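Structural characterization, general
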Amino acid sequence: QVQVVESGGGLVQAGGSLRLSCAASGSIIRRIDDMGWYRQAPGKQRELVAAITSGGRTNYVDSAKGRFTISRDNAKNTVYLQMNNLKPEDTAVYYCHVDVVSWSMREYDYWGQGTQVTVSS
């Protein structure tokens, strides 16, 4: 019903940058409310990195503030995460999450498949 496709992960040296993208598509989508990026490192719980409302309000985990920027293109149902000054502790699988409102006004949440970000020291 809804496809959530992420891209942009990879291997980068400490201090480098990456930009993640996540596009949601599907015929049931009336609108998308909150969109966000989560990450999960080996042996750790999944944590919220950054989120953005449909109106553009953002919030970040403390460790991402000043380094990461979340943005979205509502016309393309796409959310981005610009990550600068990356650190080895940012290494994780990054997941996109979207809150979808369907044409029948039901709410659903979807996850992307995850994209690996590895930061070498």
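The text that follows walks through the structure, step by step, so that each part is easy to find. Remember, predicted model here, so these are calculated numbers, not experimental data.

**Section: the pattern of salt bridges**
Per the stated rule, a full pass over the model turns up five salt bridges. One salt bridge in this structure joins glutamate 47 and arginine 39, with 2.7 Å as the shortest N-O distance. The partner of aspartate 90 in a salt bridge is arginine 39, and the shortest N-O contact between them spans 3.0 Å. You can see aspartate 90 sitting in the loop between β8 (78-83) and β9 (92-102) and its partner arginine 39 sitting in strand β4 (residues 29-40), a full 51 residues away along the chain. We note that aspartate 90, like arginine 39, is buried. Salt bridges sharing partners connect three or more residues here, namely Arg39, Glu47, Arg67 and Asp90.

**Focus on the packing of aromatic side chains**
By the definition in use, this model includes two aromatic pairs. Look at tyrosine 38 and tryptophan 111: their rings are 4.9 Å apart centre to centre, the planes differ by 65°, and that puts the pair in the edge-to-face class. Taken together, the positions of tyrosine 38 in strand β4 and tryptophan 111 in strand β10 (residues 107-111) put the pair 73 residues apart, joining distant regions of the chain. On the basis of relative accessible area, tyrosine 38 is assigned to the partly exposed category, the value being 22%. Geometry around tryptophan 111 places arginine 46 over its ring, the cationic atom sitting 4.7 Å from the centre.

Reading the values: the criteria
Residues numbered from 1 in each chain as written. Predicted model: local features only at pLDDT ≥ 70, side-chain atom pairs only at ≥ 80, totals over all residues. Heavy atoms only, no water. Salt bridge = Lys/Arg side-chain N within 4 Å of Asp/Glu carboxyl O. Helix = DSSP H or I, 4+ residues; strand = E, 2+ residues; numbered from the N terminus. Buried < 20%, exposed > 50% of the residue type's maximum accessible area, 1.4 Å probe, protein only. Phe/Tyr/Trp six-rings, centres within 6.5 Å; stacked < 30°, edge-to-face > 60°. Lys NZ or Arg CZ within 6 Å of the ring centre and 35° of its normal.

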